[in-house]
Amino acid sequence: MRNEMTIEFLSISENESLARVAVASFISQINPTMEELTDIKTVVSEAVTNAIIHGYEDNPDQKVRLSCAINGEEIEITIQDEGRGIDNVDMAREPLYTSKPEWERSGMGFTIMENFMDHVEITSEPGEGTTVHMKKQLTSTRALCN
Ligand SMILES: Nc1ncnc2c1ncn2[C@@H]1O[C@H](COP(=O)(O)OP(=O)(O)O)[C@@H](O)[C@H]1O
Ligand SMILES: [Mg+2]
């Protein structure tokens, strides 16, 4: 099957759970396993949190855009902000790198996204914003269980 959706919401942390649940609900159409669902909710949370706290630095009047597409058994998720952008994407992707150590950030958000998804592409322009595009092929074994 093929399907897609886009939602846009204000950059407030209360919307992190909205984003997680919206994606989980959307992809439930293709019967993901519990593990796949948990992993996907985690990566959505990480990327949306990054947009809110790093991209918009907690300015609540900005918008985060989230798109999700289903192509057969592959899902694609895009999280986009028009915030401050990332100066050095390679450095930002390094495990444990955080620009906000004083906030007790773990610096593991991008590493988690890379581990849980098959493909993570980060496009960012300082002063323009950041787009995180991720893909994952779901397993077909679940078809046997459902
Ligand atoms: N949407 C974004 N806008 C601006 N900077 C970002 C964004 N996402 C990530 N970053 C930068 O990349 C760094 C690493 O992100 P991440 O791995 O999630 O760690 P953490 O969020 O714990 O700092 C952040 O500290 C921040 O400097
Ligand atoms: Mg993070």
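Now for a description of the structure that goes with this document. It should be emphasised that the depicted structure is a prediction, and the values quoted were computed from it without experimental measurement.

As for its placement among the helices and strands, Gly109 is situated in helix α4 (residues 109–116). Linking Gly109 and Arg65, residues 44 residues apart in sequence, is a C-alpha distance of 18 Å.

In the neighbourhood of ligand 1, 18 residues make up the surrounding shell, with His54, Asp81, Thr98, Ser99 and Gly107 lying closest. Between Asp81 and ligand 1, the recorded distance is 2.8 Å, taken from a side-chain N or O atom to a nitrogen atom. In this structure, Gly107 approaches ligand 1 through a main-chain N or O atom, which is 2.7 Å from an oxygen atom. Relative to its free-state accessible area of 530 Å², ligand 1 is covered by the protein chains to the extent of 96%. Taken together, the elements giving at least two residues each to the shell around ligand 1 come down to α2 (34–55) and α4. Here the shell around ligand 1 gets four residues from one element, more than from any other, and that element is α2. Taken together, the residues of the shell around ligand 1 sort by class into six nonpolar, 10 polar and two charged.

Moving on, we come to the sheet that holds strand β5 (residues 129–137). Pairing is antiparallel across the open sheet formed by five strands, whose spatial order is β1-β2-β3-β5-β4. Edge positions in the open sheet fall to β1 (2–10) and β4 (119–125), since each of these has one partner strand only. Between one strand and the next, the sheet's axes are offset by a mean angle of 10°, whatever the strand orientation. Where strand β3 (residues 74–81) meets β5, eight bridges bridge the pair, whose relative direction is antiparallel. If you follow Ile79 over to β5, its bridge partner there is Val132.

Further remarks concern the pattern of salt bridges. Per the counting criterion, the structure on display carries five salt bridges. The partner of Arg84 in a salt bridge is Glu57, with the nearest N and O atoms 3.6 Å apart. Of the two residues, Arg84 sits in the loop between β3 and α3 (89–93) while Glu57 sits in the loop between α2 and β2 (63–71), which places them 27 residues apart along the sequence. What makes Arg84 partly exposed here is its relative accessible area of 44%. Judged by its relative accessible area of 42%, Glu57 is partly exposed. Arg93 is paired through a salt bridge with Glu114; the nearest N and O atoms lie 2.6 Å apart. Taken together, the positions of Arg93 in helix α3 and Glu114 in helix α4 put the pair 21 residues apart, joining distant regions of the chain. According to the relative accessible area criterion, Arg93 is partly exposed, its value standing at 23%. What emerges from the salt-bridge pattern is a single network uniting Glu57, Arg84 and Lys100.

The subject of this paragraph is the packing of α2 against α4. The geometry of α2 relative to α4 is characterised by a closest axis approach of 9 Å and an angle of 150° between their N-to-C directions. When the interaxial angle is binned, α2 and α4 end up roughly antiparallel. The chirality of how α2 crosses α4 is left-handed. Mapping the contact onto sequence places Asp39, Thr42, Val43, Glu46, Ala47 and Asn50 in α2 and Gly109, Phe110, Ile112, Met113 and Phe116 in α4. Among the residues forming the contact of α2 with α4, the class breakdown is six nonpolar, three polar and two charged.

Definitions and cut-offs
Residues numbered from 1 in each chain as written. Chains lettered and ligands numbered in written order. Predicted model: local features only at pLDDT ≥ 70, side-chain atom pairs only at ≥ 80, totals over all residues. Heavy atoms only, no water. Helix = DSSP H or I, 4+ residues; strand = E, 2+ residues; numbered from the N terminus. Near = heavy atom within 4 Å. Polar contact = N/O pair within 3.5 Å; in protein donor to acceptor, adjacent residues only side chain to side chain. Areas by Shrake-Rupley, 256 points an atom, 1.4 Å probe, with all protein chains shown as cover. Nonpolar A, V, L, I, M, F, W, Y, C, P; charged D, E, K, R; others polar. Pairing = 2+ DSSP bridges. Axes fitted to C-alpha atoms, helices over the stretch in contact; angles between N-to-C directions. Salt bridge = Lys/Arg side-chain N within 4 Å of Asp/Glu carboxyl O. Buried < 20%, exposed > 50% of the residue type's maximum accessible area, 1.4 Å probe, protein only. Parallel < 35°, antiparallel > 145°, perpendicular 65-115°, else oblique. Left-handed = near helix turned anticlockwise from the far one by under 90°. Contact = heavy atoms within 4.5 Å.

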